[in-house]
Amino acid sequence: TRVCITRYKHGTCFLFLKYYFKVFCFPFQWNLVCKNAYKADLVQSILMAGTLFGALILGALADKYGRRKIWYISFTGLVIFGFASSFAPTYRIYVLLRFLTGFFIGGEILSAFVLATELIGPSYRGFAGTMAQCFFTTGLLILPIVAYLVRDWRTLSVLLSLPFCVFILFFR
């Protein structure tokens with residue numbers, strides 16, 4: 001492994017050249033190291049900003065046009081933009097696609113939660129809402145194992161988007 005030492009005004013940065021990595025990781029693809037390292041973390045913040053706007057906008061639309069209809073739209077948008085972000089050619093396009101993914105996550109989470117708890121009697125709604133979120137927690141527990149086994153971030157992103165494509169087949 002070769003190490004390239006780059007100097008910039010805030011100190012010395014040790015930059016491992018991407019050519020020597022068997023694993024093609026997100027920060028090295030778009031040179032998000034050293035003084036650009038903050039951009040790698042910024043993606044998660046932008047995703048969460050999208051989730052906030054999606055919850056506000058799609059939540060209001062769900063109240064007006066129906067939760068099920070908005071849930072279908074949100075779920076489809078989540079699949080499309082989540083899958084498309086795997087193929088983003090540049091950092092800016094990737095950030096835009098992650099914002100849109102977050103936007104539809106906000107609508108999907110709200111609509112799905114309300115749909116799951118509306119069907120249950122008032123005394124069991126808290127329990128039903130908690131159980132609905134257990135699937136999310138289980139997915140978060142499995143994610144590190146899958147990420148360890150699939151080292152390329154694009155392949156991992158596609159792999160994590162594929163199960164949702166199956167659910168679209170069951171829309172009616």
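Residue numbering note: each chain is counted from 1, following its sequence as written. Per-residue local features of the predicted model are confined to residues with pLDDT of at least 70, and side-chain atom pairs are confined, for both listing and counting, to 80 or more; whole-chain, interface and lining totals are unaffected and use all residues. By convention in this description, side-chain values take in all heavy atoms of the structure and omit both hydrogens and water.

A. A look at the overall build of the protein chain. The helix count covers DSSP runs of H or I at least four residues long, the strand count covers runs of E at least two residues long, and both are numbered beginning at the N terminus. Helix and strand counts for the protein chain stand at 6 helices and 2 strands. What you see in the protein chain, going N to C, is helices and strands ordered as β-β-α-α-α-α-α-α. Buried residues are those whose accessible area, probed at 1.4 Å on protein chains only, stays under 20% of the maximum for their type, while exposed residues exceed 50% and partly exposed ones sit between those limits. Put simply, the protein chain has 172 residues, and 30% of those count as buried. Total accessible area computed for the protein chain in this model is approximately 11,500 Å², and 70% of it derives from carbon and sulfur atoms. Using a 1.4 Å probe, accessible areas were evaluated by the Shrake-Rupley method; residue-level cover was limited to the displayed protein chains.

B. Representation of the layout of surface pockets within the structure. Detection works on a 1 Å grid of protein atoms alone, calling trapped sets that fit a 1.4 Å probe cavities and calling open sets with protein on both sides within 12 Å along at least five of seven lines pockets, with lining residues defined by an atom within 4 Å of a point. Grid points are joined across faces, edges and corners, and a volume is the space filled by probe spheres set on the points. Space inside the largest pocket adds up to approximately 2,100 Å³. For the largest pocket, the lining is made up of 47 residues, of which Leu78, Ile105, Phe136, Leu160 and Phe164 are closest to its centre. Mapped by element, the contributors of at least two residues to the lining of the largest pocket are α2 (38-65), α3 (67-84), α4 (91-118), α5 (125-149) and α6 (153-168). The residue classification treats Ala, Val, Leu, Ile, Met, Phe, Trp, Tyr, Cys and Pro as nonpolar and Asp, Glu, Lys and Arg as charged. All others, Gly included, are polar. Its residues placed into classes, the lining of the largest pocket shows 34 nonpolar, 9 polar and 4 charged.

C. Local environment of the packing of α5 against α6. At a minimum axis separation of 10 Å, α5 and α6 run at an interaxial angle of 135 degrees. Here α5 lies oblique to α6, going by the angle between them. Crossing of α5 over α6 shows right-handed handedness. Facing Leu143, Val146 and Ala147 of α5, the residues of α6 in contact are Leu156, Leu159 and Leu160. Within the contact of α5 with α6, the residues separate by chemical class into 6 nonpolar, no polar and no charged. Lines fitted to C-alpha atoms define the axes here, with helix axes fitted over just the stretch in contact, and angles between the N-to-C directions of these axes take values from 0 to 180 degrees. By definition in this entry, angles of less than 35 degrees are roughly parallel, angles greater than 145 are roughly antiparallel, angles of 65 to 115 are roughly perpendicular, and the rest are oblique. In this scheme, a crossing is called left-handed if the near helix is turned counterclockwise away from the far one by less than a right angle; it is called right-handed if the turn is clockwise. Pairs of residues are marked as contacts when any of their non-hydrogen atoms sit within 4.5 Å.

D. Representation of the packing of α4 against α5 in the model. Where α4 contacts α5, the axes come no closer than 9 Å and their chain directions differ by 140 degrees. Judged on the interaxial angle alone, α5 and α4 are oblique. The handedness of the crossing between α4 and α5 comes out as right-handed. Mapping the contact onto sequence places Phe113, Ala116, Thr117 and Glu118 in α4 and Arg125, Ala128, Gly129, Ala132 and Gln133 in α5. Tallied by class, residues from the contact of α4 with α5 come to 4 nonpolar, 3 polar and 2 charged.

E. Seen up close, the pattern of salt bridges. Basic side-chain nitrogens of Lys or Arg form a salt bridge, by our definition, when they fall within 4 Å of a carboxyl oxygen of Asp or Glu. For the structure on display, the rule yields 2 salt bridges. When the shortest N-O distance is used, the salt bridge between Glu118 and Arg67 registers 3.6 Å. One end of the pair, Glu118, is in helix α4; the other, Arg67, is in helix α3, with 51 residues separating them in the sequence. By relative accessible area, Arg67 is classed as partly exposed at 26%. Shared partners join several salt bridges into a network, and the residues in it are Asp63, Arg67 and Glu118.

Shape is all these values report; function is a separate question.
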